[in-house]
Amino acid sequence: MRFPGWMSTFVVVLFMHGVAAAEPWPTADPKASGWSMQELQAVEEASKALKPAAFLIVRDGKTVASWGDVSAKINVASVRKSLLSALYGIAVSEGRIDLSKSLASLGIDDKAPGLTDIEKTATVRDLLMARSGIYHPAAHETKDMKRKRPERGSHAPGSFWFYNNWDFNALGSIYRKLTGEDIFQSFETRIARPIGMEDYVPGDGHYVTEASSEHPAYPFSLSARDAARFGQLYLNGGTWAGRQIVPAAWVKDSTTAYSWTKRGRQGYGYMWWVLPAEQWGPGAAYAAGFGGQIIAYVPARKLVVVQMVDLKQTPKGIRTSDFLKLLKQIAAAAP
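No experiment lies behind these values; they were computed from the predicted model shown.

Definitions and limits used
- Residues numbered from 1 in each chain as written.
- Predicted model: local features only at pLDDT ≥ 70, side-chain atom pairs only at ≥ 80, totals over all residues.
- Heavy atoms only, no water.
- Pairing = 2+ DSSP bridges.
- Helix = DSSP H or I, 4+ residues; strand = E, 2+ residues; numbered from the N terminus.
- Contact = heavy atoms within 4.5 Å.
- Axes fitted to C-alpha atoms, helices over the stretch in contact; angles between N-to-C directions.
- Core = buried A, V, L, I, M, F, W, Y, C linked by side-chain atoms within 4.5 Å.
- Buried < 20%, exposed > 50% of the residue type's maximum accessible area, 1.4 Å probe, protein only.
- Polar contact = N/O pair within 3.5 Å; in protein donor to acceptor, adjacent residues only side chain to side chain.

A. Summary view of the sheet that holds strand S15 (residues 293-298). Read across the open sheet, the 8 strands follow the order S4-S3-S16-S15-S14-S13-S12-S11; overall the sheet is antiparallel. The strands lining the two open edges of the sheet, one partner per strand, are strand S4 (62-68) and strand S11 (259-260). The pairing of strand S3 (residues 54-59) with S4 spans 6 bridges and is antiparallel. By the bridge assignment for S4, Ala54 is matched with Gly68. Helix-sheet contacts for helix H1 (residues 37-50) involve S3 and S4, and the interaxial angle to S4 is about 35 degrees. Seen against the sheet, helix H2 (residues 79-93) touches strand S14 (285-289) and S15 and runs at an angle of roughly 130 degrees to S14.

B. Up close: the nonpolar core. Among the nonpolar cores identified, the biggest contains 99 residues, and Ile57, Tyr88, Phe187, Ile191 and Phe230 are the most heavily contacted of them. Considering every element that reaches this core, the biggest residue donor is H2, with 8 residues. Every residue in contact with Phe230, bar those within four places of it in the chain, is listed here: Ser82, Leu83, Ala86, Phe187, Ile191, Ile195, Met197, Trp272 and Ile295.

C. Seen up close, the pairing of S14. Most of S14 is tucked away, with 5 of its 5 residues classed as buried. Residue alternation in S14 divides its side chains into two sets, Ala285, Ala287 and Gly289 and Tyr286 and Ala288, and both sets are buried. Of the strand pairs in this sheet, strand S13 (residues 273-274) and S14 are connected by 2 bridges, and their pairing is antiparallel. Note on S14: the bridge partner recorded for Trp273 is Tyr286. Sheet topology note: the S14/S15 ladder contains 5 bridges and is antiparallel. Across the sheet, Ala288 pairs through a bridge with Ile294, a residue of S15. The antiparallel pairing of S14 with S15 creates a hairpin that spans 3 residues between the two strands, and Gly291 there sits at a positive phi of about 95 degrees.

D. Just the side chain of Gln307, in detail. Note on placement: Gln307 falls in strand S16 (residues 303-308). A polar side-chain atom of Gln307 sits 2.8 Å from the main-chain carbonyl oxygen of Gly292. Those residues in contact with Gln307, other than ones at most four positions away along the chain, are Pro52, Ala54, Phe55, Gly292, Gln293, Ile294, Ile318, Phe323 and Leu326.

Right, dumping it as structure tokens:
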């Protein structure tokens, strides 16, 4: 088992003239810390068999283990939605976005056939919960999304949960419109730099448009070590080095289950997947992207676990259910 040099530092952010500096992030000795070395080794073997590009385990702010290249930037696919959710929390707290506003009041529409008057009654909060009832074609949809997309007008806004790229993409348009900020630059300024991400730059994101919709997708590329910092930020209740980066209330609200999905007893919050408290303890959640990109955190076990998958190397990806099996093993192995 290899313990990565990158996580030999605990990122403590210093704010001198607006520039963040990093200080050591200690690496834990898992055996001395009380980990089951046999179970931890079993996790590594099981994970490597699935062929992730990188896998990283952090407990209580300390690296426990990693394998793969934790500095390699990977397109994290739908993890982008949880990243945007964090930006929404900041904007809401600053009064720049009101979740109760309807699409009609914000002037949000789409290409023909455009939104109906009923669809325009959907609120920003409805979109965050993936409960807009708007089933217009969207950019960056998977074949499964297109196949399962309900008929237009089949559900009233707020009444039905569907994992809907239209909602997520329109939220990107709304964020840019109401804040006047580019999503990727905003993420660097408001999150990546304050928490000391090592690899992220605004050029690691780009917009993807399609002829069917005016609302682009906004995929990000992240390294596993930067993704772990984002997970740690949420595990910390939105704080970093004593500074509140994302409001604590938003961290709680966005990882509260407003809908129960077909993924077992998993819920869905504001663009976060929520794990059942009876199994994982309160506040456990994860961000997930196509192919097996995952940032998970489990407050009851003080754990942050990141998995990155390079679909060029592992074209079938890694199923979320396989990752969650590993997460259970990690939680059982932890002291």
